[in-house]
Amino acid sequence: MGKVVIDTSGLDAIMGGLKTNKEAALQEIGDRVVKRAQELVPVDSGNLQRSIHAEVEGDTLNIAADADYASYVELGTSKMAAQPYLGPALLEVRKDIPKIIGKALIGGVVRKLKRIFR
């Protein structure tokens, strides 16, 4: 009887790389949302625009504007109409999220496989 042996030790490297690729995908999503929010935000001094940023922490992507008045501009007040910029930016980028994640994960696996099987 014939025997075929497949060494799967390289799969550990692939699986380890998925975390890095996931972080890269989240960062790309964050960068796109930040860029679009900075385009949409009303600008007076530029402080609010400069305060918009994204940060990846493990499995979480945090997108924020740190200016003290950021939420007032986004949501409005009793004396000022809302001028949303973060919400609309996320809604615009949302359609690209599956593609960004898929590309990052598949691309990372393909690169690892090419290194393993060359």
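The structure we're discussing is the one just above.
Cut-off values and rules
- Residues numbered from 1 in each chain as written.
- Predicted model: local features only at pLDDT ≥ 70, side-chain atom pairs only at ≥ 80, totals over all residues.
- Heavy atoms only, no water.
- Helix = DSSP H or I, 4+ residues; strand = E, 2+ residues; numbered from the N terminus.
- Buried < 20%, exposed > 50% of the residue type's maximum accessible area, 1.4 Å probe, protein only.
- Contact = heavy atoms within 4.5 Å.
- Areas by Shrake-Rupley, 256 points an atom, 1.4 Å probe, with all protein chains shown as cover.
- Core = buried A, V, L, I, M, F, W, Y, C linked by side-chain atoms within 4.5 Å.

Student: Would you mind showing me how to read the overall build of the protein here?
Tutor: Counting secondary structure elements, the protein contains 5 helices and 2 strands. Ordering the α and β elements of the protein from the N terminus gives α-α-β-β-α-α-α. Every one of the 118 residues in the protein was classed for burial, and the buried ones make up 25%. Sequence-distant contacts, at least 24 apart, represent 55% of the contacts inside the protein between residues at least 6 apart. Accessible surface, the protein: about 8,300 Å² in total, of which carbon and sulfur atoms supply 57%.

Student: What is the right way to read the nonpolar core from this model?
Tutor: Across soluble globular proteins, nonpolar side chains have a tendency to be buried as a group. Counting residues in each nonpolar core, the largest one holds 17 residues, and the members touching the most others are Leu 48, Ile 52, Ala 65 and Tyr 85. Among the secondary structure elements, those contributing two or more residues to this core are α1 (10–40), α3 (70–75), α4 (86–94) and α5 (97–116). The element that contributes the greatest number of residues to this core is α1, accounting for 5 residues. With residues up to four places along the chain from it excluded, the contact list for Tyr 85 reads Ala 37, Leu 40, Val 41, Leu 48, Ile 52, Ala 65, Ala 70, Val 73 and Glu 74.

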